[in-house]
Amino acid sequence: MKLAIFLFIMIFLLIVTFSYRRRLHLFEMMFIWMMVWVITHSVSSIIIENLELVSISQRLDEFWLHVFKRLILYPLIIILFIDFYVRVKSKSKKMATLGLNLLVMVLLERLFIILGVLFSHHFMIWMSVLEWSFTLLITYLSWYWYRKKYISR
């Protein structure tokens, strides 16, 4: 049941992301997607799981839910927030967008712990904030560099 609801939400986000008029170029979206994927799936997962802060459920459907959220859901949400970040002109609204993006990512991770997809051993909320702050910082900086270097020509 969890997987079906998750797939519905994921497909809805995919439709929203690629159907409305966005400010991000398709190559920017692919670049952001790959950056988020590399950071969350490689670096974050290895560090968090090797420190035994969380572990993945042994059930097959929950394992696939974990894989799909790392590969599709997290990049989609970050792409939507970056697109909104580009649309906003005020610096205070841009900072609020960054803060809201961090809050959404931390709450999503906590939600997956509550749903039983992840098991919390020594996991604390400040570690999730630190993990997502690092991920978002690297993603936003690399996207900004990419946009400035290649798209603005």
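Just so you know, the residues in each chain are numbered from 1, in the order the chain's sequence is written. Given that the model is predicted, a residue must reach a pLDDT of at least 70 before its local features are reported, and side-chain atom pairs must reach 80 or more before they are shown or counted; all residues, however, enter totals for whole chains, interfaces and linings. Heavy atoms throughout the structure, all of them, feed into the side-chain values; hydrogens and water do not.

## Some details on the confidence of the model for the chain
Values of pLDDT, the confidence the predictor places in each residue, fall between 0 and 100. Mean pLDDT over the chain works out to 85, with 97% of the residues at or above the 70 mark. Counting from the N terminus, the helices are DSSP H or I runs at least four residues long and the strands are E runs at least two residues long. Looking over the chain, one finds the lowest element-wise mean pLDDT in strand E1 (residues 54-56), namely 76, and the highest in helix H4 (residues 91-115), namely 92.

## Here we look at the pattern of salt bridges
In what follows, salt bridge is the name for a side-chain nitrogen of Lys or Arg lying within 4 Å of a carboxyl oxygen of Asp or Glu. Considering all chains together, one arrives at five salt bridges under this definition. Of the charged contacts, one joins Asp61 and Arg59 as a salt bridge, the two residues approaching to 3.3 Å between their closest N and O atoms. Owing to a relative accessible area of 29%, Asp61 belongs among the partly exposed residues under this scheme. Accessibility here uses a 1.4 Å probe with only protein chains present; expressed as a share of the type maximum, an area under 20% marks a residue as buried, one over 50% as exposed, and anything in between as partly exposed. With relative accessibility at 47%, the residue Arg59 sits in the partly exposed group.

## A closer look at the side chain of Thr135
Its place among the elements puts Thr135 in helix H5 (residues 125-151). We call two N or O atoms a polar contact when they sit within 3.5 Å, provided that within protein one can donate a hydrogen and the other can accept it, with sequence-adjacent residues counted only if both atoms are side-chain atoms. For Thr135, the side chain forms a polar contact with the main-chain oxygen of Glu131, separated by 2.9 Å.

## Let's talk about helix H1 (residues 2-19)
With 18 residues, H1 should cover 26 Å at 1.5 Å per step; its first-to-last C-alpha distance of 26 Å lies within 8% of that length. Within H1, burial applies to Phe6, Met10, Leu13 and Thr17. With its buried residues spanning 65 degrees around the axis, H1 presents them on a single face. For H1, the exposed residues set more than 90 degrees away from the buried face come down to Phe8, Ile15 and Ser19. Expected helix span is given by 1.5 Å per residue-to-residue step, counting one fewer step than there are residues. Of all possible arcs, the one meant is that of the directions from the helix axis to the C-beta atoms.

## Considering the environment of Tyr20
As for its placement among the helices and strands, Tyr20 is situated in the loop between H1 and helix H2 (26-50). It is 36 Å that separates the C-alpha atoms of Tyr20 and Val54, two residues lying 34 residues apart in sequence. Apart from the residues within four sequence positions on either side, Tyr20 is in contact with Leu80, Asp83 and Arg87. For this analysis, residues touch if any pair of their heavy atoms sits within 4.5 Å.

## With respect to a nonpolar patch on the surface
Patch construction takes residues with relative accessible area above 30% that form no salt bridge. Like charges are linked within 9 Å, and nonpolar side chains (Val, Leu, Ile, Met, Phe, Trp, Tyr) are linked within 5 Å. Surface accessibility in these figures is a Shrake-Rupley result with a 1.4 Å probe; residues are shielded only by whichever protein chains are displayed. A contiguous nonpolar surface patch, about 420 Å² in accessible area, is contributed by Val43, Ile47, Leu51, Phe134 and Ile138. Those elements that place two or more of their residues in the nonpolar patch are H2 and H5. Judged by relative accessible area, Phe134 falls into the partly exposed class, the value being 41%.

## Description of the environment of Phe31
Mapped onto the secondary structure, Phe31 falls in helix H2. With 75 residues separating them in the primary sequence, Phe31 and Val106 have C-alpha atoms 22 Å apart. The residues touching Phe31, leaving out its near neighbours within four places in the chain, are Ser142, Trp143 and Tyr146.

## Describing the nonpolar core
Grouped burial of nonpolar side chains is what soluble globular proteins tend to show. Core analysis: the largest hydrophobic core is formed by 38 residues, its most contacted members being Leu24, Ile32, Ile78 and Phe112. For this core, the secondary structure elements donating two or more residues are H1, H2, E1, helix H3 (60-87), H4 and H5. Residues contacting Leu24, with those up to four places away along its chain left out, are Met29, Ile32, Ile79, Ile82, Asp83, Val86 and Trp143. In this text, buried Ala, Val, Leu, Ile, Met, Phe, Trp, Tyr and Cys residues form a nonpolar core when linked through side-chain atoms within 4.5 Å.

## Remarks on the packing of aromatic side chains
Two rings from Phe, Tyr or Trp (for Trp, the six-membered ring) form a pair when their centres are within 6.5 Å of each other. A pair whose planes differ by under 30 degrees is stacked, one over 60 is edge-to-face, and the rest are tilted. Under the criterion given, the structure shown has nine aromatic pairs. Look at Phe6 and Phe112: their rings are 6.2 Å apart centre to centre, the planes differ by 75 degrees, and that puts the pair in the edge-to-face class. One end of the pair, Phe6, is in helix H1; the other, Phe112, is in helix H4, and 106 residues separate them in sequence. For Phe112, a relative accessible area of 4% gives the class buried. Ring geometry for Tyr74 versus Trp132: centroids 4.8 Å apart, planes at 80 degrees, classification edge-to-face. You can see Tyr74 sitting in helix H3 and its partner Trp132 sitting in helix H5, a full 58 residues away along the chain. Each member of the pair, Tyr74 together with Trp132, is buried.

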